[in-house]
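Chains, contacts and geometry: an overview
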Amino acid sequence: RYIIKFICNLLVLTLLITSASAKSILVNKVLELEINSSINPATLNYLTSGYQRAKSEDFKMVLIKLNTPGGLVTTTKSILTLFGKHDVITSIWVTPEGASATSAGAIIASGAHLLFMNEGTNIGAATPIQMQGEVKNKDLRMKAINDLVALVQSLSEARGRNGKLFGEMVEKAASFKAQEALNSNLIDSIINTDKNFLIFINNKTIHLKGEDYKILAPSPYIVKHEMDYGQKLLNIFADPNMTYVLLLIGAALIYLELQAPGGFIAGSIGVFCLILSGIGLQILPLNFGAFGLIILSFFLFILEAYVISYGVITLIGLASLTAGSLFLFRTDNAYIELSRELIFSSVAAIGLFVVLIAYVFLRDIKKGHSSDFNEVTGKDASVMSFIEKTSDGQFHYQVKLSGEIWSAYSEKE
């Protein structure tokens, strides 16, 4: 009886000592942020504003709902630094079903104090695109790989997770489904609702700035932090596919303006699209060699209209456009690439347009009108405005003919 009593007292004393030594954080509200795009400067700006709000409004925990295909390495490292310098618990939840934290998203997830996944999601494949398939080369890219491997291993091990497998996400582009990630100690839990999340965090112990803390969250609630309009706009232009489409539309409209001048509507819209595309190109990691190939392709398409090459120049232009598009955003600082479907459909559309123009030219040549295809003599023009009466008695007008603006002179008013 005395032995049992002694053991019970010892257990109670141990619990009291443990409780006295363990620190706790009271979480009564959680600030929710959402990333549903590439990792770019707009994302960093949004997260920075969120953490500033968390500090000013005394939020002890930030929840980031994450769904990203990748992004910039420099921005990713800046986000991890943001996590580390704030006294706020960072929880990351890969959600909703069908979402993924791939490439830069997986590296960001390694820095979370609590990491969750929704059913039907995946995480991993964090080897930068430019480096994939080249991880065995003993060059500068290998150094970059080792740097990222060490980073994710250090962060994940500090959070008590499987650093080795996080390293394989970068080194071997490994990817894991939700249940595989849970079984491999890559994440803390699989959750599917906000209620599941709020229940899980209560009494959970986390490691924050070198010390262990117990989360006390008896009845927390979630407050959403939305992007402002400037961040949303910048985030839209940071989409590589959007930037690419705007670039092609702008170039096509300017090409159309050069071929059929007049009115300046197509040219004005084209310049506007190029300006919007330029905003995205300034944010995204641009491969200047690939960008030069795209510019060369449009120069060749224009040249085709003035040089008889029987389609050779056009084929070279299409090849140049395809190669430039495939490598446009492939740099050592990138986790992003253009949609292959978008590239090939765009090139096919441009190729079809060029073939159509070639058909019209060939048809006209066969009909014996090769010399007067663009002849305007004898055609009716509409008068746009009267300019002046010249000194020799002629009337000077501005007229429109076949979509082109001409200066015309007439002896009759």
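Quick caveat: nothing in here was measured; it's all calculated off a predicted structure.

Parameters and conventions
- Within each chain, residues carry numbers counting from 1 in the order of the written sequence.
- With pLDDT at 70 or above as the cut-off, local features in this predicted model cover only qualifying residues; side-chain atom pairs require 80 or more to be listed or tallied, and sums for whole chains, interfaces and linings still use all residues.
- Each side-chain value is worked out from all heavy atoms of the structure, with water and hydrogens disregarded.
- Here a salt bridge means any side-chain nitrogen of Lys or Arg lying within 4 Å of a carboxyl oxygen belonging to Asp or Glu.
- Throughout this description, buried means an accessible area under 20% of the type-specific maximum (1.4 Å probe, protein chains only), exposed means over 50%, and partly exposed covers the range between.
- What counts as a helix is a DSSP run of H or I of at least four residues, what counts as a strand is a run of E of at least two, and both are numbered from the N terminus.
- Known as pLDDT, the predictor's per-residue confidence is scaled from 0 to 100.
- Pairs of residues are marked as contacts when any of their non-hydrogen atoms sit within 4.5 Å.
- When two rings of Phe, Tyr or Trp (its six-membered ring) have centres within 6.5 Å they constitute a pair, described as stacked for plane angles under 30 degrees, edge-to-face for angles over 60, and tilted for the intermediate range.
- In our convention, an over-ring charge means Lys NZ or Arg CZ found within 6 Å of a ring centre and within 35 degrees of that ring's normal.

1. Focus on the pattern of salt bridges
Pairs can form between side chains of opposite charge once their charged atoms are near each other. As enumerated under the stated definition, the model contains eight salt bridges in all. Measuring nitrogen to oxygen at the nearest pair gives 3.2 Å for the salt bridge that ties Lys60 to Asp58. Using a relative accessible area of 34% as the deciding quantity, one classes Lys60 as partly exposed. Ionic pairing is found between Lys209 and Asp87, a salt bridge with its closest N-O pair at 2.8 Å. Linking Lys209 in the loop between strand E10 (205-208) and strand E11 (211-216) with Asp87 in the loop between helix H3 (73-85) and strand E4 (89-94), this pair joins segments that are 122 residues apart in sequence. Lys209 sits in the partly exposed class, given a relative accessible area of 47%. Take Asp87: its relative accessible area is 57%, and that puts it in the exposed class. Through salt bridges with shared partners, one network takes in Glu32, Lys65 and Asp194.

2. Here's the deal with the confidence of the model for the protein chain
Confidence along the protein chain averages 82 in pLDDT terms, with 83% of residues attaining 70 or more. When the criterion is pLDDT under 50, residues 15-21 qualifies, and its contacts beyond four places in sequence or with other chains add up to zero contacts. Throughout residues 131-137 the model reports pLDDT below 50, and contacts reaching past four residues in sequence, or to other chains, amount to 11 contacts.

3. Quick notes on the packing of aromatic side chains
Remark: the centre distance and the inter-plane angle together describe each pair of aromatic rings, the angle taken between the planes. Following the criterion strictly, the structure yields six aromatic pairs and no others. Relative to Phe200, the ring of Phe116 has its centre 5.2 Å away and its plane inclined at 90 degrees; by these criteria the two rings are edge-to-face. Of this pair, Phe116 sits in strand E6 (residues 114-117) while Phe200 sits in helix H8 (residues 194-201), and the two are 84 residues apart along the sequence. Judged by its relative accessible area of 23%, Phe200 is partly exposed. Connected via pairs of aromatic rings, a cluster forms that spans Phe116, Phe197 and Phe200. The residue whose ring lies beneath Lys29 is Phe59, and the NZ or CZ to ring-centre distance is 4.5 Å.

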